[in-house]
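In case you want the letters, here they are:
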Amino acid sequence: MSSNVAQINPSRPPLEEMLIRMQPEIAKALPKHLTAERMLRVALTEFKRTPDLYKCEIRSVIGALVQCAQLGLEPGGILGQAYLIPFFNKKTSQKEAQLIIGYKGFIELAWRSGQLKSLEARLVYKNDVFKVDYGSEAKIIHQPCLDENERGNVTYA
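This write-up is about the structure you can find in this document.

Rules and cut-offs
- Residues numbered from 1 in each chain as written.
- Predicted model: local features only at pLDDT ≥ 70, side-chain atom pairs only at ≥ 80, totals over all residues.
- Heavy atoms only, no water.
- Axes fitted to C-alpha atoms, helices over the stretch in contact; angles between N-to-C directions.
- Helix = DSSP H or I, 4+ residues; strand = E, 2+ residues; numbered from the N terminus.
- Parallel < 35°, antiparallel > 145°, perpendicular 65-115°, else oblique.
- Left-handed = near helix turned anticlockwise from the far one by under 90°.
- Contact = heavy atoms within 4.5 Å.
- Salt bridge = Lys/Arg side-chain N within 4 Å of Asp/Glu carboxyl O.
- Buried < 20%, exposed > 50% of the residue type's maximum accessible area, 1.4 Å probe, protein only.

### Quick word on the packing of helix α1 (residues 14–29) against helix α2 (residues 36–49)
Okay, so step 1: With their axes 9 Å apart at the nearest point, α1 and α2 run at an angle of 155° to one another. Overall, the two elements α1 and α2 adopt an arrangement that is roughly antiparallel. Here α1 runs over α2; the crossing is right-handed. Residue-level inspection shows Leu-15, Glu-16, Leu-19, Ile-20, Gln-23, Ile-26 and Ala-27 of α1 in contact with α2, the latter providing Ala-36, Glu-37, Met-39, Leu-40, Ala-43, Leu-44, Phe-47 and Lys-48.

Structure (structure tokens):
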């Protein structure tokens, strides 16, 4: 990698140095549509947005990033695919990073599976007609109430 991100810098936090050193291993886990350089840049940006990640046990952060890489999802809020969230582990008495997949990440994974024909998201309001039938001919019936003033509160999404 030719950018200055990969250069060793003793003043950089240990977590960032560890990530830079692990870049070749992260690259091995990435699918073809993501580069290790991009994943590293996105991760470093996420650390700046969520400073508590620096307080997390380093192996947990690396593990969460490798999981992201294996799934081909980018961590961080811009795409909303996945998030690195610091949690306090009572058993180990330390902060650990966990990968949380966002709904956009689940949609991305579903599309990549090749199993979907379409995907829609809609809000259902109290006065809409909404029925779900399971069985051999599963179907969803959603007829919105056409009077916007009479729809009521959102009941489902």
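Text resumes after the structure shown.
### Quick look at unusual backbone geometry
Okay, so step 1: Look at Ser-93: it is not a glycine, yet its phi comes out positive at around 55°.
Okay, so step 2: For Ser-93, the location among the structural elements is in the loop between β1 (82–89) and β2 (94–101).

### What about the pattern of salt bridges?
Okay, so step 1: Counted according to the given criterion, the structure contains 12 salt bridges.
Okay, so step 2: When the shortest N-O distance is used, the salt bridge between Glu-46 and Arg-49 registers 3.4 Å. Linking Glu-46 with Arg-49, this pair stays in helix α2, spanning three residues, or about one helical turn.
Okay, so step 3: According to the relative accessible area criterion, Glu-46 is buried, its value standing at 6%.
Okay, so step 4: Salt-bridge contacts for Arg-112 lead to Glu-108; the nearest nitrogen and oxygen are separated by 3.0 Å.

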